[in-house]
Amino acid sequence: MNYQWYPGHMMKAKRMMQENIKLVDLVIELLDARIPISSRNPDIDELGKNKSRLILLNKSDLADARCNKEWMEYFKQEGYTVLEMNSKTGAGIKAIQPAVREVCREKMERNRQRGIVNRPVRAIVAGIPNVGKSTFINSYAGKACTKTGNKPGVTKGKQWIRLSKELELLDTPGILWPKFENQDVGRNLAFIGSMNDEIVQMTELAIDLITYLVVHYRKELFERYGLPEENEEPLRILDNICNSRMCYKKGGEVDYEKGAALLLDDFRSGRIGRITLERPGLA
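The following paragraphs examine the structure supplied in this document. Fair warning: this is a prediction, and the values are worked out from it, not measured in the lab. (Residues numbered from 1 in each chain as written. Predicted model: local features only at pLDDT ≥ 70, side-chain atom pairs only at ≥ 80, totals over all residues. Heavy atoms only, no water.)

**Re the packing of helix α8 (residues 202-216) against helix α10 (residues 234-244)**
Here comes step 1: The N-to-C vectors of α8 and α10 enclose an angle of 105°; their axes lie 9 Å apart at closest approach. Judged by the angle between their axes, α8 and α10 are roughly perpendicular. Touching Thr-203, Ile-207, Ile-210, Thr-211 and Val-214 of α8 are Pro-234, Leu-235, Ile-237, Leu-238 and Ile-241, all from α10.
Here comes step 2: Counted by class, the contact of α8 with α10 contains eight nonpolar, two polar and no charged residues. (Axes fitted to C-alpha atoms, helices over the stretch in contact; angles between N-to-C directions. Helix = DSSP H or I, 4+ residues; strand = E, 2+ residues; numbered from the N terminus. Parallel < 35°, antiparallel > 145°, perpendicular 65-115°, else oblique. Contact = heavy atoms within 4.5 Å. Nonpolar A, V, L, I, M, F, W, Y, C, P; charged D, E, K, R; others polar.)

**So, the pairing of strand β6 (residues 167-171)**
Here comes step 1: In terms of burial, β6 is largely enclosed, as five of its five residues are buried.
Here comes step 2: Side chains Leu-167, Leu-169 and Asp-171 of β6 all project onto a buried face; the interleaved residues Glu-168 and Leu-170 project onto the opposite face, where all are buried too.
Here comes step 3: Where strand β4 (residues 121-126) lies against β6, five bridges are found, and the strand directions are parallel. Pairing of Ile-124 across the sheet is with Leu-170, part of β6. (Buried < 20%, exposed > 50% of the residue type's maximum accessible area, 1.4 Å probe, protein only. Pairing = 2+ DSSP bridges.)

**Comments concerning the side chain of Asp-239**
Here comes step 1: Along the chain, Asp-239 turns up in helix α10.
Here comes step 2: Take Asp-239: its relative accessible area is 11%, and that puts it in the buried class.
Here comes step 3: A polar contact of 3.0 Å, which involves the side chain of Asp-239, links it to the side chain of Arg-236.
Here comes step 4: In terms of polar contacts, Asp-239 uses its side chain to reach the side chain of Tyr-256, at 2.8 Å.
Here comes step 5: In contact with Asp-239, not counting residues within four places along its chain, are Val-254 and Tyr-256. (Polar contact = N/O pair within 3.5 Å; in protein donor to acceptor, adjacent residues only side chain to side chain.)

**Examining the packing of aromatic side chains**
Here comes step 1: Counted according to the given criterion, the structure contains six aromatic pairs.
Here comes step 2: Ring plane angle 80° and centroid distance 5.1 Å describe the contact between Trp-71 and Tyr-74, whose orientation is recorded as edge-to-face. Taken together, the positions of Trp-71 and Tyr-74, both in helix α3 (residues 65-77) and three residues apart, correspond to about one turn of that helix.
Here comes step 3: On the accessibility criterion, Trp-71 (1% relative accessible area) is buried. (Phe/Tyr/Trp six-rings, centres within 6.5 Å; stacked < 30°, edge-to-face > 60°.)

**As for the environment of Ser-139**
Here comes step 1: Looking at the secondary structure, you find Ser-139 in helix α6 (residues 133-141).
Here comes step 2: On the basis of relative accessibility, which here comes to 24%, the residue Ser-139 falls in the partly exposed class.
Here comes step 3: Spatially, the C-alpha atoms of Ser-139 and Thr-89 are 7.7 Å apart, while their sequence positions differ by 50 residues.
Here comes step 4: When neighbours within four sequence positions are excluded, Ser-139 is seen to be in contact with Ser-87, Gly-90 and Ile-93.

**Considering the pattern of salt bridges**
Here comes step 1: All told, the structure shown has 24 salt bridges when counted by the stated rule.
Here comes step 2: Here Asp-25 makes a salt bridge to Lys-107, at a shortest N to O gap of 3.7 Å. Pair noted here: Asp-25 is in the loop between α1 (8-20) and β1 (26-32) and Lys-107 is in helix α5 (residues 105-113), with a separation of 82 residues, a long-range link.
Here comes step 3: The class of Asp-25 is buried, set by a relative accessible area of 11%.
Here comes step 4: Taking relative accessible area as the criterion, Lys-107 reaches 25% and is therefore assigned partly exposed.
Here comes step 5: In this structure, the salt-bridge partner of Glu-102 is Arg-105, at a minimum N-O distance of 2.9 Å.
Here comes step 6: Overall, Glu-102 belongs to the partly exposed group, its relative accessible area being 45%.
Here comes step 7: The class of Arg-105 is partly exposed, set by a relative accessible area of 48%.
Here comes step 8: Three or more residues joined by partner-sharing salt bridges are found here, namely Glu-29, Arg-40, Asp-45 and Arg-53. (Salt bridge = Lys/Arg side-chain N within 4 Å of Asp/Glu carboxyl O.)

Okay, here's the thing in C-alpha cells:
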C-alpha cells in the first residue's frame, strides 16, 4: 500500500504558518511518543530553523516507558529541550513554563535590556494531525480554548490564546508534508490515526501492525485477545482476533475489516498495552 495524504487544507495551513512564523519567538513542536521520528514534519523544521525550539513527547502514556526515556535522551543529545507529557491528563504540563523561560532566556533578557517589560513570549504550537495540539493547549490553559477531536483535521484555522502574562500561543492546524520519502513513515502515521482512515486499506494496515507486535510486543498482543501461543502467521492471528471478538458478516463470514478496525482502535487507545513503534537508532 502506498501511504500518502496531503489534502488542500494542509497546503493552506503551511502557508499560514509561513506567514505567521515571523511573529513568534518559539516553536513548540508536539510529537507522538510512539513514533517520535515519523511524527516530525520536516517542513516545521525548515520553518522554525531560526526560532527557539521546545519538543513535547505527547501521548507518552500510550508509549513504552523504557522507550520514552531513550527518546528523551536522544533529543537532548541532538541539542533540543524536550519534555515528556500527556496532554489529556495534564501530566508534564507544570514543567512547560520553566522550560519556555529557559529556552527563551536570551530573548527575554534582550527585551529587558531594551526596556521591554511584560511582553509575553509568543509561541506557535505545531505538529502533525491528531497529535494532540488542541488538547495540550486546553490542558495548559485549564479551560476549553480550542476544539478537540480524536481525528485529524479538527483545527481549521489559526487562533491566538493568551495563557499567562508570560506566554501567548498560536494554535495551528495539523499538517503533514507532500511526499513521504520512506513509506514506513506513512505507515506509522496511519497506525496512530494521523491519516484519514478512509483512504487506508485497514486490513492490510492491521496485518502490518500484527507483524510488528508479534516481534516486539507479543505478550501484550496475545494476552489481549487470548491468542494460542503457537500462532505466528499475521493473517491467521487477525482471523483469531475476529473470532474472539465476534467480527462476522451476515451468514457467519469473518469480517476482516471490522476486526482490523477493532485492533487499530485498541492499539491507538492503549488497550493492548504501552507500545512504541520506533526506537533510537532503529527508527
